[in-house]
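# Analysis of the macromolecular model
The lines below spell out each chain.
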Amino acid sequence: MRTETEHTIFLKDYAPTPYSVVAVDMDFKITEAGTRVRTQMTIEPRPETEPGTPLVLDGDGLTLQSIAIDGAPLMMVAYTTDDDGLTVVEPPFRRFVLETEVNLTPETNTKLMGLYRSSGTWCTQCEPEGFRRITYYLDRPDILAPFKVRITAPRDIAPVLLSNGNLIDKGEAGDGMHFALWEDPFPKPAYLFALVAGDLGSITDTFTTSSGRKVDLAIYCTHGKEAECLYAMDSLKRSMAWDEKRFGREYDLDVFNIVAVSDFNFGAMENKGLNIFNDKLVFALPETASDANYANIERVIAHEYFHNWTGNRITCRDWFQLCLKEGLTVYRDQEFSSDERSRPVQRIHDVENLRITQFPEDGGPLAHPPRPDRYREINNFYTTTVYQKGSEVVRMLATLLGEAGFRKGMDLYFERHDGEATTIEAFLKVFEDATGTDLSQFSRWYLNAGTPAVTASDSYDAASQTYTLTLTQKTAPTPNQPDKPPFVIPVKFGLIGPNGSPMGWTAVAGGTVKDDLIVLDGDSVTLTFTGVANRPVPSLLRGFSAPVKLSTNLTQQDLLFLARHDSDPFNRWDALQTVATQLMAAAATGSQPASADVDALRQAIMDTLGDPALDHAFKAQVIAMPDETVIARQIGRDVDPSAVAEARHALIRAIVGPVAERVEALHAELQVIEPYSPGAAQAGRRSLRNGLLSLLTAGSDRGAALAEAQYHAASNMTDRYAALAISAHNWTKAAPALLGDFRTRFGGDPLVFDKWLVASSQAPDDAVIERLRAILAAPDFPRTNPNRLRALLGSFVMSNPAQFARADGLGFRFVTEAAAEIDKVNPQVAARVLTGFRILPLLEAGRREAGRAALEALRNQHTLSRNTGDIIDRILAG
Ligand code: 0A1
Ligand code: ZN
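Remember, it's a predicted structure, so these values are computed and weren't measured experimentally. For every chain, the first residue of the written sequence is number 1, and numbering continues from 1 onward in sequence order. Each chain is given a letter, starting from A, and each ligand a number, starting from 1, according to the order in which they appear as written. Local features in a predicted model are, by the rule used here, given only for residues with pLDDT of at least 70; side-chain atom pairs are given and counted only at 80 or more, and totals for whole chains, interfaces and linings are based on all residues.

## Regarding the domain arrangement of the protein chain
Applied cut-off: An automatic or database domain assignment is the source of the domain bounds shown. We call two residues in contact when the distance between their C-beta atoms, placed using the backbone, is within 7 Å. Starting at the N terminus, helices and strands are each numbered in turn, a helix being any DSSP run of H or I of at least four residues and a strand any DSSP run of E of at least two. In this count, Pro and Cys sit with the nonpolar residues alongside Ala, Val, Leu, Ile, Met, Phe, Trp and Tyr, while Asp, Glu, Lys and Arg are called charged and the others, Gly among them, polar.
As far as domains go, the protein chain holds domain 1 (315–447), domain 2 (453–545), domain 3 (552–733) and domain 4 (747–878). Inter-centroid distance (C-alpha atoms) of domain 1 to domain 2 is 25 Å. Listed as interface residues are 11 residues of domain 1 and, on the opposing side, 11 residues of domain 2. No other element matches the 3 residues that helix α5 (residues 384–417) contributes to the side of domain 1 that touches domain 2. Counted by class, the side of domain 1 that touches domain 2 contains 7 nonpolar, 2 polar and 2 charged residues.

Next up, the structure:
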C-alpha cells in the first residue's frame, strides 16, 4: 500500500498569506477528561488582498465545537473543514476577531506533536507544524503575533501552569481549579508557542543582564530530580553571559523557564521564554551521567538559549529557511563550547561528528542543500545537513570575512531584521553590506547539496626554489542536482620546512593568497610560490576551514611528519587519522599494510602520548581509531562492513600488541583520584584513560580483564560506562555479565537504561539481533518513549554497521519490522530510524539488495505515515 498522496511543497511557490494575525488570545481549560481550547484571533486582510478571498486555516486532528466572528456564531455554509484545516469562505473585509473552540485529548497523543502528556505533565511541541494540532491557525513561521494565554487546571494535579512571556495574573478558579495568565509581548510565530501544566519541582536562580535587568530563572522537573538540574542552570547562566560578551545580545523578558520532560521527539525546543527539554539534556549527577552527557547538556542549554536572538527575535520566513536559525545557532553553540572548553578539542569533535553523520547524508540518497527547495514532510528536514553543515557554512563566512567583518555583519543582521521572519538571502546581504564583499557565488553553499572533493597536488623545484601547489574541486551529482558549479572554498594553509617549523615565501603567483588563506573558487587553481628554500610539506585545510573531502599526494611519511610538527592541532589530529583510515581501508579491500607502515603509525601514536605539551583531551582524540563508517566512506563502494570491522580490529591489534604494557601503565597512571568534576580538565584525563582502555581491549589480551576491573571499581558513570561499552563492543568474555550487572544496578533509572540499550546494541556477535528483538518485545518495554527507541534502534542502525547490514538481511528486517510498528505510534521516530538505510549505495551488491528488499516490503505491506514513506521513497530512488 502507498502512503498519503504525494504532496511536494516548493520554495518557488512561496507567497504571503492574504490575511495577517494581529493578536492571539487563548484560553485552555485542562482536565483529566480532556482539554478545551478557545482561541480568539484578531485578523486583518493585507492591503493587496481582494475582498472575498477565503481565509484558510491549518488544523490537524481537531474537532470544532464552535466558531464565531466578532461574537456572532458562523452559519454552517460560512465555513468548511477537512483533514487539513478550516476555511472561512468569505470573511469580513476589515479587521475582525475569529473565535474557535476545539476539544483535545492530549492523553492519546503519541506523536508528541501539539499538546500531549508526558508522565502526567501536559506539555507542547509546536515546531514545525504542531500548533495546528492545538487550534485552527495560520500555522507558518511568517505569521507573527503577540500571544496572551490563560490556563485553567485542577490545582492538585497541575499546581504549575506555564506559558510564554511574563506571568501577569493568577488565582483561584473554583471547584479545585486555578488559573494563570501569561503574556508574551514579543510577536512570535506559532511554532514558538508553549504551555506546560503539571505537578513539578523546580530550582530557581537569577541573572542580571549587562544593562542591569534582573531575570528570574527556573528549571522545572519531576519532584526529586531538582539536584540533577544544577549543571543545566549553571550552563544557562554562562550562556547568557557569553551571548552578551561575544555577540552583544541581552535577554529580553523578566523570566526564563526551562521544563524537563521525559517524552520528547528531539533534544530540546527554544519556545519563547519557556524552553522545553528532553530530560536527558537536563539531568546530570556524576553517578548517572557521563562527561559526554555533561558536555551535551551545556551545549544544548546554550543552543536553545541562543535561539532567543537567532530564531525567535529573528525567525524564518518559511521552513525552507530552517538553516537560517539552525545553522547559525549551531555555529554559536560550537563557539560557546570552544570558549568554555578547549577550542582545538571542540573543533575536532565537531568535525568528527560532521564526517560520521553529515558526509554520509550528503553523499547518499537523502542528500539535500542546507536550504532545500522542496519537501514532502518538513519534519524530515531537521537534519545534520541543515544543522551541522549549516554551521560550517557560517564558519566559512567568518573565515572569509575575518572576525571583525563577521561581527559587523552579525550586528547589522540584528539591527536590520529584529522582529522579522526572514531568509538566507537577507542573511547574506547583511555581510555584503557590512563588508562590501560579493557573496553571490558563496551562496551556492546554501543552495547546493554534496560534499566537494578537493584534490591537492604539489611539486618542488630545488634549482629555482619554487613550490607549486594545485588545488581542484569537483562535486558529485546529488538527487535533483546533476551539475554542480564550483563553490567558494576557503583553504587555510601553511608550509612546513624540514625541521618542522613554518616556512615563508617571497612571492606567489597564479591566484589569491591572503596571509594563511587560499580561496579556491574555480574548478582549479595553481599557485606558484617563489623563494621557498627547501621542499615543504603543505598543511592544508587547517582547522577544517571548509566542509570538503580533501585528498592529497602526501605520503604516509609526510602525514606522520604533519602529525608531529604541524602548528595547527586540527591537522595534527587529521594527519594521523588519515594514515590510520587509509591503512584500514586498504586492509579491508585486501591489501595488508606493510609492517614498516604500521610501525611508523605506532611510533607516531606513542610520541603523541608522550608529548608533555599536549593536553589529555587532545591526545584522546588522536589515539581514537577511525569509526567504521569513516573507513567505509574511504573505500567508497562495494563495501563489506564485516571486512571493515575486521580490518579495523586487526590494525589496532598490530599497533597495540608490541606496546601493550606501556599503554597499560599509562592507563593506570591516569586514574583520577580527586572528587568528580565535569570540567574539561578532569574529563579530558578520563577520556584519554578510557581511550587507552579501548585500544587495549581491542588490541591486546590484557584489556578485557582491565575493562572488567574498571567497570567494578568505577566511582562515576563516565568510567563505568566506558568500561561497559568497550566490553560490549569487543564482546569480551565478561561482557554479558557486565551488561547484566549494569541493568540490575541502574534498571530503574530510564536515562541509564538508555545507556544499557546503547551498549547492548553495539555488540558485534551474531546473536545481537536476537537479544535486541527480545528486549524490544518484552511487555514492559516503554515502546512509546523516543529516547528508549532511539537508544535501542537508532544506535544499532548508525553504529553497528556489520550487524545492521548483515549479508543475510536479518539486521535490515529487524529494523523495518520494528519501524512498521513504531510508525503507527510516532512517525517521526520511525522515519529517523529508517534514515540509517542511506548507507545502501555504499554496500556490496548482495547486502544492498537485501536492504532494498526489506525497505520495499515495508513500503508495500503497510500503510505508512508521510514521514516514513518520504524517507523510504527517497532512499529507494537514490
Ligand atoms: N528547534 C529545535 C529542534 C526541534 C525541532 C522539532 C521538534 O519537535 C518535533 C523539537 C525540537 C532545536 O533546534 O533545538
Ligand atoms: Zn536549534
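There's more to say after this.
## As for unusual backbone geometry
Along the chain, E127 connects to P128 via a cis peptide bond; the corresponding omega equals -5°. The phi torsion at Q465 lies on the positive side, around 50°, for a residue other than glycine.

## Here we look at the site of ligand 1
Condition: By definition, a residue lies near a molecule or strand provided its backbone-derived C-beta atom is within 6 Å of it.
Every residue near ligand 1 is listed here: Q125, E127, N265, F266, G267, A268, M269, E270, H303, E304, E326 and Y382. Elements with a minimum of two residues in the shell around ligand 1: β20 (268–269) and α2 (291–306). In the shell around ligand 1, the residues fall into 4 nonpolar, 4 polar and 4 charged.

## Some points on the UniProt feature "domain: Peptidase M1 alanyl aminopeptidase C-terminal" (unreviewed entry) in the protein chain
Heads up, the rule is: UniProt positions are given in the numbering used here, feature names are shortened, and annotations may be inferred rather than shown by experiment.
The positions that UniProt labels "domain: Peptidase M1 alanyl aminopeptidase C-terminal" (unreviewed entry) are, in the present scheme, residues 557–877. Note that residues 557–877 is 74% helix and 0% strand, and that its end C-alpha atoms are spaced 42 Å apart.

## A look at the UniProt feature "domain: Peptidase M1 alanyl aminopeptidase Ig-like fold" (unreviewed entry) in the protein chain
Sequence positions flagged by UniProt for "domain: Peptidase M1 alanyl aminopeptidase Ig-like fold" (unreviewed entry) are, in local numbering, residues 450–552. Along residues 450–552 the backbone is 0% helical and 50% strand, and the end-to-end C-alpha distance reaches 20 Å.

## A closer look at the sheet that holds strand β4 (residues 55–58)
Rules: Note: two strands are recorded as paired if DSSP finds a minimum of 2 bridges between them. Interaxial angle, 0 to 180 degrees, is taken between N-to-C directions of lines fitted to C-alpha atoms, where a helix line uses only the stretch in contact.
Taken together, 3 strands build an open sheet; the order of strands is β4-β8-β7 and the sheet is antiparallel. The open sheet is flanked by β4 and β7 (79–82), the only strands paired with a single partner. The sheet shows a mean angle of 15° between the axes of neighbouring strands, direction not considered. Here 4 bridges tie β7 to strand β8 (residues 85–88), and the two strands are oriented antiparallel to one another. Bridge assignment links Y79 to a residue of β8, and that residue is V88.

## Concerning the pairing of strand β31 (residues 517–520)
Looking along a regular strand, one sees side chains alternate from face to face of the sheet. Filter applied, for reference: Between the buried cut of 20 or more and the exposed cut of 12 or fewer other C-beta atoms within 10 Å of a residue's own C-beta lies the partly exposed class, and all C-beta atoms are placed from the backbone.
Of the two faces of β31, only one is covered, namely that formed by I518 and L520; the face formed by L517 and V519 stays uncovered. The pairing of strand β27 (residues 489–496) with β31 spans 4 bridges and is antiparallel. Note that in β31 the partner of K492 across the bridge is L517. Inspection of the sheet shows strand β30 (residues 513–514) paired to β31 by 2 bridges, in the antiparallel sense. Directly across from K514, in β31, lies its bridge partner L517. Between β30 and β31, which follow one another and run antiparallel, lie 2 residues, and D515 among them has a positive phi close to 50°.

## Section: the packing of helix α21 (residues 786–799) against helix α24 (residues 827–834)
Helices that pack against each other are described as a pair by the angle of their axes relative to one another and the distance between those axes. Note the cut-off: Our angle categories are set so that under 35 degrees counts as roughly parallel, over 145 as roughly antiparallel, 65 to 115 as roughly perpendicular, and the remainder as oblique. Note: crossing handedness is left-handed where the near helix turns anticlockwise from the far helix by less than a right angle, and right-handed where it turns clockwise.
α24 packs onto α21 with a crossing angle of 15° between their chain directions and a minimal axis gap of 9 Å. Looking at the two axes, α21 sits roughly parallel to α24. Crossing of α21 against α24: the hand is right-handed. Every residue of α24 that contacts α21 at P786, L789, R790, L793, G794 and V797 is listed here: V829, R832 and V833. Split into classes, the residues belonging to the contact of α21 with α24 amount to 6 nonpolar, 1 polar and 2 charged.

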